[in-house]
Amino acid sequence: MKKGITGIFMGSLLFIGASLNVAADNHVDKDCGDFASHEEVMEFWYTNGYSAENDPHDLDRDNDGLACEVSQSEYDDYVASQEAAGSDEAADDQEEAAEEEEEGAALPDTASNGPLMMLFGAGVAGAGSLLLFRRKKQTA
């Protein structure tokens, strides 16, 4: 009877731990359909500094460095307009970004809740140890 209760308890712990870990994943993945126009796609791509090598949302399916099938000329025109309009602002933003990197930037949205999972793992290890010691007492 005690083994059955222990099994139910451990199964419940596993289920709760897995549920909490899944619920903590609040990363919002963008798709091409989330943008109303090529202008919005280019703004998102440009402001986040994405490229063919850095594409966490997989907006560049053909790995040509352009998101959502935007043409090279469209993107070049957009970049030129952004650089012309905000050359002073871009320099200020780059300085602020460099300062943030020196101080330490915030964790990305993909970071998990590590302390909760460590606590869960410690609980499972403790329960396993108790079962092991109890079994040794019964066999001795």
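Structure shown above.
Throughout what follows, the structure given in this document is the object of discussion. Remember, it's a predicted structure, so these values are computed and weren't measured experimentally. (Residues numbered from 1 in each chain as written. Predicted model: local features only at pLDDT ≥ 70, side-chain atom pairs only at ≥ 80, totals over all residues. Heavy atoms only, no water.)

**So, the overall build of the protein**
Inference 1: Along the protein, the regular secondary structure elements total 5 helices and 0 strands.
Inference 2: The N-to-C order of helical and strand elements in the protein reads α-α-α-α-α.
Inference 3: Sorting the 140 residues of the protein into buried and exposed places 17% on the buried side.
Inference 4: Considering only contacts within the protein whose residues lie at least 6 apart along the sequence, 64% involve residues at least 24 apart. (Helix = DSSP H or I, 4+ residues; strand = E, 2+ residues; numbered from the N terminus. Buried < 20%, exposed > 50% of the residue type's maximum accessible area, 1.4 Å probe, protein only. Contact = heavy atoms within 4.5 Å.)

**Section: unusual backbone geometry**
Inference 1: Although it is not a glycine, Asp58 adopts a positive phi angle of roughly 55°.
Inference 2: Structurally, Asp58 is set in the loop between α2 (38-47) and α3 (72-85).
Inference 3: A positive phi angle, close to 50°, is found at Cys68, a residue other than glycine.
Inference 4: Relative to the assigned elements, Cys68 resides in the loop between α2 and α3.

**Brief notes about the environment of Asp55**
Inference 1: Within the fold, Asp55 resides in the loop between α2 and α3.
Inference 2: Expressed as a C-alpha distance, the spacing of Asp55 and Ala67, which sit 12 residues apart in the sequence, is 8.8 Å.
Inference 3: The contacts of Asp55, once residues within four sequence positions are left out, are Trp45 and Asp60.
Inference 4: There is a polar contact of 3.2 Å between the side chain of Asp55 and the backbone nitrogen of Asp58. (Polar contact = N/O pair within 3.5 Å; in protein donor to acceptor, adjacent residues only side chain to side chain.)

**Quick word on a positive patch on the surface**
Inference 1: Residues Lys2, Lys3, Arg134 and Arg135 make up a contiguous surface patch of positive charge.
Inference 2: Among the elements of the structure, α1 (2-23) and α5 (114-139) are those that each provide at least two residues to the positive patch.
Inference 3: Examined against the element boundaries, Arg135 turns out to sit in helix α5. (Patch = residues over 30% accessible without salt bridge, like charges linked within 9 Å, V, L, I, M, F, W, Y side chains within 5 Å. Areas by Shrake-Rupley, 256 points an atom, 1.4 Å probe, with all protein chains shown as cover. Salt bridge = Lys/Arg side-chain N within 4 Å of Asp/Glu carboxyl O. Lys, Arg positive; Asp, Glu negative; His and termini not counted. Charge placed at Lys NZ, Arg CZ, Asp CG, Glu CD.)

**Some words on the side chain of Asp60**
Inference 1: Tracing the backbone shows Asp60 in the loop between α2 and α3.
Inference 2: Buried charge without a partner: Asp60 forms no salt bridge, and the closest opposite charge is Arg61, 8.5 Å away.
Inference 3: At 3.1 Å, the side chain of Asp60 and the backbone nitrogen of Asp64 are in polar contact.
Inference 4: Leaving out residues up to four positions away in the same chain, Asp60 has contacts with Trp45, Ala52, Asp55, Gly65 and Leu66.

**With respect to α3**
Inference 1: Compared with an ideal rise of 1.5 Å per residue, which puts 14 residues at 20 Å, α3 spans 20 Å between its outermost C-alpha atoms and is within 8% of the ideal.
Inference 2: For α3, every residue scored as buried is listed here: Tyr75, Tyr78 and Val79. One face of α3 carries all of its buried residues, which in axial projection span an arc of 95°. Along α3, exposed side chains directed more than 90 degrees from the buried face belong to Asp77, Ala84 and Ala85.
Inference 3: Looking at the packing, one finds that the buried side of α3 touches α2. (Expected span 1.5 Å × (residues − 1). Arc of directions from axis to C-beta.)

The quantities given are spatial measurements derived from coordinates; they are silent on function.
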